[in-house]
Amino acid sequence: MKKRRILALGLSAALTVGLLAGCGGGTQPTETSPTGGETTPVETGAVATGSNSIRVCFASEPETMDPSLNRTVDGNVMISHLFEGLYKWVDSDPSGDGRNGATAELDLGMAAAEPEVTDNGDGTYTYTFTIRDDAKWSDGQPVTANDFVYSWRRLVDPATASPYNTIIAMVVNANEIIAGELPKEELGVSAPDDHTFVVELTYNCPYFLDICAFPNTMPLREDIVEGNTTWTDPSTYVTNGPFKMESWTHDAEIVMVPNENYYDVSSISIESLTFALMDDANAQLTAFNSGDLDFMQNPPPDEVATLLADGTLIAGDYLGTYYACFNNSKAPFDDVNVRKAFNLAIDRNYIVEMVTQAGEIPAGAWVPESVVDAEGTDGPDFREVGGDFWSTAEEDYEANCEQARELLAQAGYEKDAEGRWARGRQALSLTMVASTSNTFRLSAAEYLASELTKAGVEVELRKLPWEEYLAALTAGDFDLYVGETMLSASFDLSPLLQSGGALNYGRYQSALVSPLLAAYQAASGEARTAAAGALWDALAQEVPFSTLCFKNWSVLTHWGRVSGLSPTHHDPFYGLENWTITQ
């Protein structure tokens, strides 16, 4: 599969970690599968719901449907169909079947036109947006600039405790407000009138418009949200996107119907969109095969090869990375030599060949392939320029393991009489946590636990339901977990690396990395590429997490019944309102 190359170190981003995702020209009737050979989608006659309704499954019960508080991929997908920001993602693929890879493009949403950008001469920039005249909420009230002011202030308000408050760290005074040093009213946003939204930036952030399409920055109604802890109940859930919520049967389904007050409602052809809330991949596949689902992701790994071969499963480009995150705040992973040892001992080739099996690539560094630097798409791949920080070549694996043993010895560990690694009388033991809702990450965690046990490490693997898994990460009640990143057209690692960052579950703090991260966030062009290199070099020295493989997205849908699929390079499918049913 030819990967789309994107200008990503002009990147930073809304890095969305799914614990929690080349523009091809023209229609391609077939696609080379990651396992070799050509795969043509199977046209099934199964019908999941009513004749003009779609039923999909991305995950189980969402943690929240509050845009300010969301931190998960499934929440992103659902919220993006109920709300709309200044920008949105639209499909650019004429085939409409998702086989051309990541083809969604950024387009105007609530903004009527591209913003007026003013260089203030002191390093700061002012973005002035005009809100479209026909923007309305699902109850018929107009969407105003003040709805954005309220939402963005709420996002950085310490009282909200948003896990993604740093996503607008480039806005004047955002960091100071998050730290509790200034009131939220000092945020660099304003509404001179109902149709004008003004944002003051501390620098001309190259990925700011991407942020304006992210769920955490979507508008909210103060009269609906403020003082109402249950405002996301369907009875009071007022939205401004293509759909509105008709019902939410907890742990079963969320049903959405077209928002009749949406400015582009005439383009929506489906009568309803149902998100089935299911945690078990085998149950999802059974529902898909019986026609109860039109779409699902991440089938059981032992089914992947068969589903790829018969064309039911399509895998595609995805700017993301599977990784193993260490709890850096306590033993054994507060010792950098132990982290380096575990990193080297991972057989990444086995993971992609026997665990994930959907064409993933072993990851010897953080940034995925198909990302270019400041020279643009005619320049070299950043992965090629940056090189690997550790070898993923199969012939080097034994040497990696020998180095890992040496590093453990430097950390004071040695094999005891029973073949276990121990320091003094204390055995090397750790607790891994894994969510049962993601089969790929669960299988990777099971593999790591098994191999570590064989190597003489005592491992407890706790397989948890989604809500308990998130709680364990938030509380730091683990030593190791398998996560994944999905990158938008920006690549800001601050949620993972900053103290108090939204996704810094590994409790990582570094005097070396913090200034390099700040320099990277503020740079652009060639300076940004150089800053990125310095940042990755430092991370390779400290190894706060270990990369496993670069992701692919893999989805099943009833090809021939559903069209209009529009994957982005960071989330498999937004834009379900563009789907159509072919009878």
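An account of the accompanying structure is given in this report. (Residues numbered from 1 in each chain as written. Predicted model: local features only at pLDDT ≥ 70, side-chain atom pairs only at ≥ 80, totals over all residues. Heavy atoms only, no water.)

Counting its regular elements, the protein chain contains 16 helices and 29 strands. Across the 583 residues in the protein chain, those meeting the buried criterion constitute 60%. Accessible surface, the protein chain: about 20,900 Å² in total, of which carbon and sulfur atoms supply 46%. (Helix = DSSP H or I, 4+ residues; strand = E, 2+ residues; numbered from the N terminus. Buried < 20%, exposed > 50% of the residue type's maximum accessible area, 1.4 Å probe, protein only. Areas by Shrake-Rupley, 256 points an atom, 1.4 Å probe, with all protein chains shown as cover.)

What follows is about the sheet that holds strand E10 (residues 189-193). Adjacent strands of a sheet form backbone hydrogen bonds with each other and so pair up, either parallel or antiparallel. Sheet architecture is open: four strands sit in the order E8-E9-E11-E10, paired in antiparallel fashion. Edge positions in the open sheet fall to strand E8 (116-119) and E10, since each of these has one partner strand only. For this sheet the average axis-to-axis angle between neighbouring strands, irrespective of direction, equals 20 degrees. Bridge count for E10 against strand E11 (residues 196-201) is three bridges, and the pairing is antiparallel. From the neighbouring strand, Val189 faces E11, where its bridge partner is Val199. On top of the sheet, helix H2 (residues 145-156) reaches E10 and E11; it is set at about 165 degrees to E10, its chief contact. (Pairing = 2+ DSSP bridges. Axes fitted to C-alpha atoms, helices over the stretch in contact; angles between N-to-C directions. Contact = heavy atoms within 4.5 Å.)

Here the focus is the environment of Thr160. Residue position: Thr160 is located in the loop between H2 and helix H3 (174-178). Linking Thr160 and Leu69, residues 91 residues apart in sequence, is a C-alpha distance of 7.8 Å. Setting aside residues no more than four positions away along its own chain, Thr160 makes contact with Ser68, Leu69 and Arg154. Engagement of the side chain of Thr160 in a polar contact is seen with the backbone oxygen of Arg154, the distance being 2.7 Å. (Polar contact = N/O pair within 3.5 Å; in protein donor to acceptor, adjacent residues only side chain to side chain.)

A few words on the packing of helix H8 (residues 336-345) against helix H11 (residues 397-410). Running from N to C, H8 and H11 cross one another at 160 degrees; their axes reach a closest spacing of 8 Å. Relative to H11, the element H8 is oriented roughly antiparallel. Pair H8 / H11 crosses with left-handed handedness. Contact residues: Asn337, Val338, Lys340, Ala341, Leu344 and Ala345 in H8; Tyr397, Asn400, Cys401, Gln403, Ala404, Leu407, Leu408 and Gln410 in H11. Looking at side-chain class alone, the contact of H8 with H11 contains nine nonpolar, four polar and one charged residues. (Parallel < 35°, antiparallel > 145°, perpendicular 65-115°, else oblique. Left-handed = near helix turned anticlockwise from the far one by under 90°. Nonpolar A, V, L, I, M, F, W, Y, C, P; charged D, E, K, R; others polar.)

Looking now at helix H6 (residues 281-289). If you check which residues of H6 are buried, you get Ala281, Gln284, Leu285, Ala287 and Phe288. Seen from one end, H6 has its buried residues packed into an arc of 160 degrees, which puts them on one side. Exposed and oriented more than 90 degrees from the buried face of H6 are Thr286 and Asn289. Of the surrounding elements, those touching the buried residues of H6 are strand E5 (53-59), strand E15 (295-297), helix H7 (301-309), helix H12 (439-454) and strand E27 (553-557). Sitting at the head of H6, Asp280 places a side-chain oxygen 2.9 Å from the backbone nitrogen of Asn282. Backbone geometry just after H6 places Gly291 at a positive phi near 90 degrees. (Arc of directions from axis to C-beta.)

What follows covers the sheet that holds strand E21 (residues 421-423). Read across the open sheet, the three strands follow the order E20-E21-E22; overall the sheet is antiparallel. In this open sheet, the two edge strands, each paired with only one partner strand, are strand E20 (414-415) and strand E22 (426-427).

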